[in-house]
Structure formats: structure tokens, C-alpha cells
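The lines below spell out each chain.
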Amino acid sequence: MHNIILIARREYLERVRTRSFIAMTFLVPALMLGLTVLPTYLATHGSSQSKHIVVVASDKRTAELIQQQLSKESEEQKDQPAGDPQGFENRFRIEKLNVDVDLDTSDREQTALIERVKQKELDGAIFATKDALAAKKVLFITRDVSSFAANEVIQASVNRAVRRDLLASKGFSEKEIDNALETVDLKPQSPSGTRNPVVLFFAAFSVMMILYMTVFLYGISVMRAIIDEKNSRIMEVMLSITDAKEMMAGKILGVGLVALTQILIWAVVVGIASSTALVASAGMLKGIISIKLLAFFAVYFLLGFALYSTMYAAVGAMVNSEQEAQQLQVLVAAPMILSLVFMANILQSPGSNIAMFASIFPFTAPLIMLLRVAVQAASPWEIGLSIGLMIAAIYGTVLFCARVYRIGILMYGKKPTLPELMKWIKYA
Amino acid sequence: MYTIELEKVRKSYDHFVAVDDLSFKIEQGGVFGLLGPNGAGKTSTIRMMIGITVPDSGTVSVFGQPFDRKCLKRVGYLPEERGLYKKMKVLDQLVFLGELHGMAMAPARKRAIEWCERLEISEKLADKIEELSKGMQQKIQFIAALLHDPDFIIMDEPFAGLDPVNSDLLKNVLLQVKEQGKTILFSTHRMDQVEKLCESICLINHGKAVLQGNLKQVKAQYGKNTVQIQYEGNGNFLKGNPLVQSFSDYGNHVDVQLAKGADPQQLLRGAMEHSRVSKFELMEPPLEQIFIDVVGKTDA
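Only a predicted model underlies this, so the values are computations on that prediction, with no experimental measurement involved.

Participant: Please clarify how a positive patch on the surface should be interpreted in this entry.
Facilitator: Residues A:Lys72, A:Lys136, A:Arg160 and A:Arg163 make up a contiguous surface patch of positive charge. Looking at the element boundaries, A:Lys136 is found in the loop between α5 (130–135) and β4 (139–142).

Now the structure itself:
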């Protein structure tokens, strides 16, 4: 035990002192904040510029209704409190619109308008002519064809205007029309809480990705360290003092502690950042970091890391270079990659049989169970069973891999074949 | 008491027998040479002494007890395959290995600094291993094997790759350590070093002991049938000479094995006829000659 601690301490100190550790520790949260907060911030706050749009229509009433709706839409968005998670669907903002009306529906005018958009004199032109409305296909000329958020808003406005026009022509009062066009909001909610589905999704998605990345990266890092040690021939010296099991345990423990340190720093940074005004106003991270989820993350990280790094340690001991390790590495990572593939499916139906099985099967459990915990779809007995089975699987894997490791670290040269590997395992 | 006792130790890998019923004893407080050609089983034997591998059959006793991992704290090992953590600093590395051998951190540190001063590399204490030359790395490895003041020291080719000045430095250190009553196992191909350092030897070939015992007695067995000659002029008198069984020309001198019953005086006369002899010495065969003979015989 003393040796395991010494080896783990060496591994830990040597790693946290490296430049790459310090860089990873501070760059990743910066990147994460950059990736989530910045686009949200930009999208919700938008630019202060206004856009100039022309509505072309056959009759003045239609044109004015569209103009009204568009102006109203961009005004309304401005009034909405920023970062309201309930209003997630409206979080993309469009710029303030200046809308002009044009009643000339000739082809010549159309060509002229298109040219003006091209020349950047205009930002857009909507052709809501009688024919277009009858065909239910309204042409919108814009340089920002890919700005789906803005297009969405414009489409909604045109639709509303057309419906208003229709209802008004049937003799409905203004109030009746408002009432009829009012949309109903669907608010999904889990039985245990009142959490916002979008936040829940982001929480589940991000914890699973972080778990995947850390288990994978640090597992590989254990493997690399062992390949390095094999190549530096330190094994012989180490084995003259400690035994292979202690070396493997110390290494995995040390790297695991490094990973935990890093995750802890990340959690603190994200925690601090999410309480600052900037992030809170974006509303993205609110509710993602719950203590319960963090605790489950820690549990499944430790179990997943123990399971996978043991296998990576065995792979590292079997090969002489990272190139040689590649195939085996993919084989080891396969269950985790499969978990990612099934993620969307499991998020769709977190209570399905597949989801349940995958969250209990030890090799997919860390990712899938954490996902189900995050979306609050796992019952306590399932969580208990998955943890129990993982511990059993870790025990079996350690027995198996320690044997491979013990022989492998002293073998140089050719990668073992499967029969040779079986011999290593049987070898007392 | 014997520091090491191997009793009919056998180790095979698949169908290859690396060590074949090998038995020998190493007395406490001496330098023991474990010799043999490449692939003879030296490293396999050493690995079983320190529990890196376990013999298929036979027993290994260390310090008079059946092998137990606890005894490893009293053993220092310099493997032929040198290995250190390349990214670690010299002092950190030595302290780490010292701690693994059961030392506390402060004394390990103190002793590491002393050793580095003794081996004239104290200015490298804060350098990373990978920044050092091969020779310096070797000195660090050497210190790592001795830092915890072990009672049994295994040195596998300790002088390989060192210049004569540094070889001499390490050799003197080893002799001092021996004076303190420590046991040293010395594994090498360099027979001249064995002759200088070892008191007893075991020569193994194909995993079997083919020659062992006190070095002086071993050499005496072979008798004084070797003549070392230094001369200027024509050396042709040696070729086809019935007095000569075989000879090895080293450029500056020639070692001649006399044929059975040959008179060395007669050879000297012949030599003087053909060249100017500056040295003619009747001596025990060099260990190298014995090595070549014995290994050649057991291979045949």
C-alpha cells in the first residue's frame, strides 16, 4: 500500500506540474464558456443595427399588415426579459426592422429590388403578391439566407398578417382575431421537478460529453504513460522494488486523482462563472450544475475511469508504441463510442428497455446511467444495480488486466497474438 | 551465511529453457561474477533472485531466508537495460526510488545529494534525466542502486558505455562498498574487469553452470600453460609451431597456449631467433581464454 501511494504521488506531482495540465485546466473552461455563453450572448443581444426591408404586395392592406407584424415582432423581442429560460424558443433575436411598403408588383420592380439587395442598399425584400399568397409561397430575397432565426421570425409575421387579413375579411373584430391567433405554449415537466426541458437536455448532454472526454482522455493517458515507461526501460528497476499490481494500481490512482483535480477546478470555474451576471443573463448554465448531478458525475467518473483505465493499462503493457496500440484502443473504447451513438435515442425515450439495459451493463453504464440520471429517468434500484455491477466488472477486469500487465511490461518486440495473450493470462 | 542460494532453479519460456537446474551460492561480503555469453540466462537468473519472475522449480534464498519481497528493500539493482523516468529531475528521481526502498524523504534527499557530490554530478541535481548524457544517466542509475545502502547489490554491466575515468570512479566506489561487507553480484562480458574485481565466479551457458568457484582456484585448474609474449619483428614462428596449441594476437602482445608437455624455454629460443623479444611471461590463462574454451566446448 505504501508503494502504491508513493507511485500515485509521483504520478500526480509529475503530471500537475506539466504545462499541458495547466493549459488544459484553464483553457477547457474558457473554451466551454466561449462555446456556450458567447453565441447565446450574441444571439440574444444581437447587434444594435437595424435592417431595412421592403414588402411588395398587390394591395396596401396586406402590405401594411405585414409591415405591422414585422415591426411588432422585433419590438416584442426587445421587451422580453433577456435570458428567460422559459422563453428559450425565442432566444434568437433579430435586429430591429425598418419596413417599407411597395405596391408595384411588376417584374421590372422585382428585378430592381433584387439588385438593390445585392448592392446592399436594402437588407431584404418580401414579395407577398396576390399570386404568391394564393400559391402559399412568398419569396424573400435576403443576403443572409442562412439566418434561419430571422427567416423564421419573418415567416411567422407574414403568416400572421395573412391570417389576420383573412379573418378580418370574414368580419371578425380585432380582439377576436388576437384571441384566435394566440398560440398555446407546451410546458414539458418531469414528475419530480419543474425543470426546463432544454436546460435538462443541455445538462444531460454536457455531463455525458465531459464524462466521455475525461474517461477517454485520461484512460489513454494511462496507456501512454505505460508505453513510455516500457520504452524508457524503467520497468525493470521498478519491478525490483515493487510488484506489477502495485505499479498498475499506483499509476491508475495517480492519473485518476489528476483527472479529479482537473474536473474539480472545472466545476469551480464553471460554478463561479455561472453565478456572474454575464452567464446568468444568458441563462444557459442555470440549473445545469446541481450538487446531486455533480455527485453522480463523480461516482460514475471514478467507476468508469477505474474500469477503462485498467483496460488501457493492459493495452499499454501489450504494445511497444502508440501506433501498435491504435486497433486495441478502438476496441476498448467501442462501448463508450456506442453509448454516444445511442445517446440521442436514449434521450428520446430514457425509460425504454434498451436504455435500461445499457445503463446497467457495466461497460456502457457510466455514460448511459449518468445520462438517465441527468434527465431524471433512473430509479434508485437501477442506479444501485449499475454501481454494483460496475464494481464487480472492475474487480474482474483488474484480475484479468493485472495478469496481462505483469507479463506485458517485460515483453519487448512483437505485439502478442490472441493465443499468446491467453497464455499470459493463464500463466501463474 | 550466504547472501544468495540458488538450488536447482529452472525457468522456461514456452519451449525455451532459459535457466536449467542452476545452483550456486554467493558468500556474504564478496564480489561474485555471473558470467556467460549473450542469451546464456544471466538476466533470467537475476530476475528470479529479486522476484521479477518466479522459478518454475527450485528454490531461491536471499539473506538465508526463502525469497520474500520484504528483502527487496535490502537489495540494490542496476539492470542492464537502464531505465529512469526521463522527464523527472535527477534529485526527485533519486528521492522517489529511495522512498520506494523504504527511506524517509529527508534522509533520501540528503543521501542523494551526497552521492551526487561523490560521483561529481551535483551540478545536475535540478536537471531532467533526458537532458543528461548517457554516461551521466548511468551514474544516476548507479546511485539509485546504492542510495538505500543495500546489503546485496546487483550490477549488470555497470561500466558499459563509460569512459575509463568514470569506470575507474565507479569501480573504486564498488570496492569501497565491498569493504563495508556488502555482497556484490557482477554480471558482465568484460573478463578483464572480472579478473580485477571478482573473488568467485559462475560461468553459465545455455542456462547451466559450466564453471564455478573461487577465481584463483578456477584459474589454477588450468595451470600455467599460457605465455604472454611482446616482440618486435616477425611473428611467423608461432604459425604451425608444434609447441603451440593456439594463440591470440592482440596487436601489442600475443597470448600463446602451449601444447601439452611443451617446454616454454624452447618457445622462447624460437622467438628470439625470429624477433626481438621485450617480454616473455609464463602465466595462468586469462579468464577470457578460459571463457572461450569452456563456452566453445559446451556449445560443441
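Participant: Sorry, what's going on with the sheet that holds strand β13 (residues 254–258) of chain B here?
Facilitator: The pairing of strands in a sheet comes from backbone hydrogen bonds and takes either a parallel or an antiparallel form. Residues and elements named next belong to chain B. One open sheet holds the 4 strands; their spatial order is β12-β13-β11-β14, and the pairing between them is antiparallel. Both edges of this open sheet fall to β12 (244–249) and β14 (275–283), since each of them pairs with a single strand only. Averaged over all neighbouring strand pairs, the angle between strand axes comes to 25°, with direction disregarded. Relative to β13, β12 runs antiparallel, the two being bridged by 5 bridges. Counterpart to Ser246 in the pairing with β13 is Gln257. Here helix α8 (residues 264–274) sits on the sheet in contact with β11 (226–233), β12, β13 and β14, set at roughly 160° to β14.

Participant: For this particular structure, what's the right way to read the environment of A:Gln348?
Facilitator: Residue and element names in this part refer to chain A. With respect to the helices, strands and loops of the structure, Gln348 is situated in helix α13 (residues 322–348). Its relative accessible area of 70% is what places Gln348 among the exposed residues. Spatially, the C-alpha atoms of Gln348 and Thr397 are 32 Å apart, while their sequence positions differ by 49 residues.

Participant: I keep staring at the layout of surface pockets and nothing clicks. Help me out?
Facilitator: Empty space left among the atoms is revealed by rolling a probe the size of a water molecule over them. Here the second largest pocket defines a volume of roughly 1200 Å³. In terms of lining, the second largest pocket is formed by 31 residues, of which the most central are A:Glu14, A:Arg15, A:Thr18, A:Ser20 and B:Lys87. Within the residue set of the lining of the second largest pocket, elements represented by two or more residues are α1 (2–16), α2 (19–45), α8 (197–231) and α10 (244–275) of chain A. The element that contributes the greatest number of residues to the lining of the second largest pocket is α8(A), accounting for 9 residues. In terms of residue class, the lining of the second largest pocket is built from 9 nonpolar, 6 polar and 16 charged.

Participant: Before we go on, may I ask you to explain the pattern of salt bridges in this structure?
Facilitator: Residue and element names in this part refer to chain A. All chains considered together, the criterion is met by 30 salt bridges over all chains. With its nearest N and O atoms 2.6 Å apart, the salt bridge here joins Asp144 to Lys51. With a gap of 93 residues between them, Asp144 in the loop between β4 and α6 (148–169) and Lys51 in strand β1 (residues 50–57) connect regions that are remote in the sequence. Residue Glu382 pairs with Arg372 through a salt bridge whose shortest N-O separation is 3.3 Å.

Participant: Hey, could you run me through the interface of chain B and chain A in this one?
Facilitator: The partner chain A presents 24 residues to the 28 residues of chain B that form the contact. Across the contact surface, chain B and chain A share 3 salt bridges. When the shortest N-O distance is used, the salt bridge between A:Arg17 and B:Asp92 registers 3.6 Å. Our count for the contact surface shared by chain B and chain A stands at 5 residue pairs in polar contact (both at pLDDT 80 or more).

Participant: Explain the nonpolar core here, please?
Facilitator: A:Tyr405 and B:Met155 are the most contacted members of the largest nonpolar core, which has 166 residues in total. Considering every element that reaches this core, the biggest residue donor is helix α12 (residues 291–318) of chain A, with 16 residues. When near neighbours in sequence (up to four residues on either side) are disregarded, B:Met155 contacts B:Leu78, B:Phe142, B:Ala145, B:Leu146, B:Leu174, B:Ile184, B:Leu185, B:Phe186 and B:Ser187.

Participant: Hey, could you run me through the pairing of strand β7 (residues 152–156) of chain B in this one?
Facilitator: Consecutive side chains of a regular strand alternate in pointing toward one face of the sheet and then the other. Residue and element names in this part refer to chain B. Burial within β7 is extensive, with 5 of its 5 residues counted as buried. Across 4 bridges, the pairing between strand β6 (residues 75–78) and β7 is parallel. Residue pairing across strands places Gly76 opposite Ile153, the latter belonging to β7.

Participant: Can you help me understand the packing of α13(A) against helix α15 (residues 365–374) of chain A in this one?
Facilitator: Residue and element names in this part refer to chain A. One way to put it is that α13 packs onto α15 with a least axis distance of 9 Å and a crossing angle of 25°. Classified by the angle their axes make, α13 and α15 are roughly parallel. Taken as a pair, α13 and α15 cross one another with a handedness that is right-handed. Every residue of α15 that contacts α13 at Met336, Ser339, Met343, Ile346 and Leu347 is listed here: Leu367, Ile368, Leu371 and Arg372. Considering only residue class, the contact of α13 with α15 consists of 7 nonpolar, 1 polar and 1 charged.

Participant: What should I look at first to understand the pairing of strand β3 (residues 124–128) of chain A in this one?
Facilitator: Residue and element names in this part refer to chain A. Of all the 5 residues making up β3, 5 are buried; the element is thus mostly covered by neighbouring parts of the structure. Burial of β3 is two-sided: the residues Gly124, Ile126 and Ala128 facing one way and the residues Ala125 and Phe127 facing the other way are all buried. By the bridge criterion, 4 bridges tie β3 to β4 in an arrangement that is antiparallel. If you follow Ile126 over to β4, its bridge partner there is Phe140.

Participant: Got a minute to help me understand a nonpolar patch on the surface in this structure?
Facilitator: Residue and element names in this part refer to chain A. A cluster of nonpolar side chains, Ile337, Leu338, Val341 and Phe342, forms an exposed patch at the surface whose accessible area comes to about 350 Å². Along the chain, Phe342 turns up in helix α13. Under the relative-accessibility criterion, Phe342 is labelled partly exposed at 36%.

Participant: What should I look at first to understand the sheet that holds β1(A) in this one?
Facilitator: All names here are of chain A. With mixed pairing, the 4 strands of this open sheet are ordered in space as β2-β1-β3-β4. Since the sheet does not close on itself, it has two edges, and those belong to β2 (96–102) and β4, each with one partner. Each strand of the sheet is rotated relative to its neighbour by a mean of 20°, with strand direction disregarded. Sheet topology places β1 next to β3; 5 bridges connect them, and they run parallel. Looking across to β3, one finds that Val56 is bridged to Phe127. Of the strands in this sheet, β1, β2, β3 and β4 touch helix α4 (residues 107–118), which is tilted by about 155° from β3.

Conventions used here
Residues numbered from 1 in each chain as written. Chains lettered and ligands numbered in written order. Predicted model: local features only at pLDDT ≥ 70, side-chain atom pairs only at ≥ 80, totals over all residues. Heavy atoms only, no water. Patch = residues over 30% accessible without salt bridge, like charges linked within 9 Å, V, L, I, M, F, W, Y side chains within 5 Å. Areas by Shrake-Rupley, 256 points an atom, 1.4 Å probe, with all protein chains shown as cover. Salt bridge = Lys/Arg side-chain N within 4 Å of Asp/Glu carboxyl O. Lys, Arg positive; Asp, Glu negative; His and termini not counted. Charge placed at Lys NZ, Arg CZ, Asp CG, Glu CD. Helix = DSSP H or I, 4+ residues; strand = E, 2+ residues; numbered from the N terminus. Pairing = 2+ DSSP bridges. Axes fitted to C-alpha atoms, helices over the stretch in contact; angles between N-to-C directions. Contact = heavy atoms within 4.5 Å. Buried < 20%, exposed > 50% of the residue type's maximum accessible area, 1.4 Å probe, protein only. 1 Å grid on protein atoms, 1.4 Å probe; cavity = no way out; pocket = protein on both sides within 12 Å on 5 of 7 lines; lining within 4 Å. Points joined across faces, edges and corners; volume = space filled by probe spheres on them. Nonpolar A, V, L, I, M, F, W, Y, C, P; charged D, E, K, R; others polar. Polar contact = N/O pair within 3.5 Å; in protein donor to acceptor, adjacent residues only side chain to side chain. Core = buried A, V, L, I, M, F, W, Y, C linked by side-chain atoms within 4.5 Å. Parallel < 35°, antiparallel > 145°, perpendicular 65-115°, else oblique. Left-handed = near helix turned anticlockwise from the far one by under 90°.

Any functional reading would require information beyond the geometric quantities listed.
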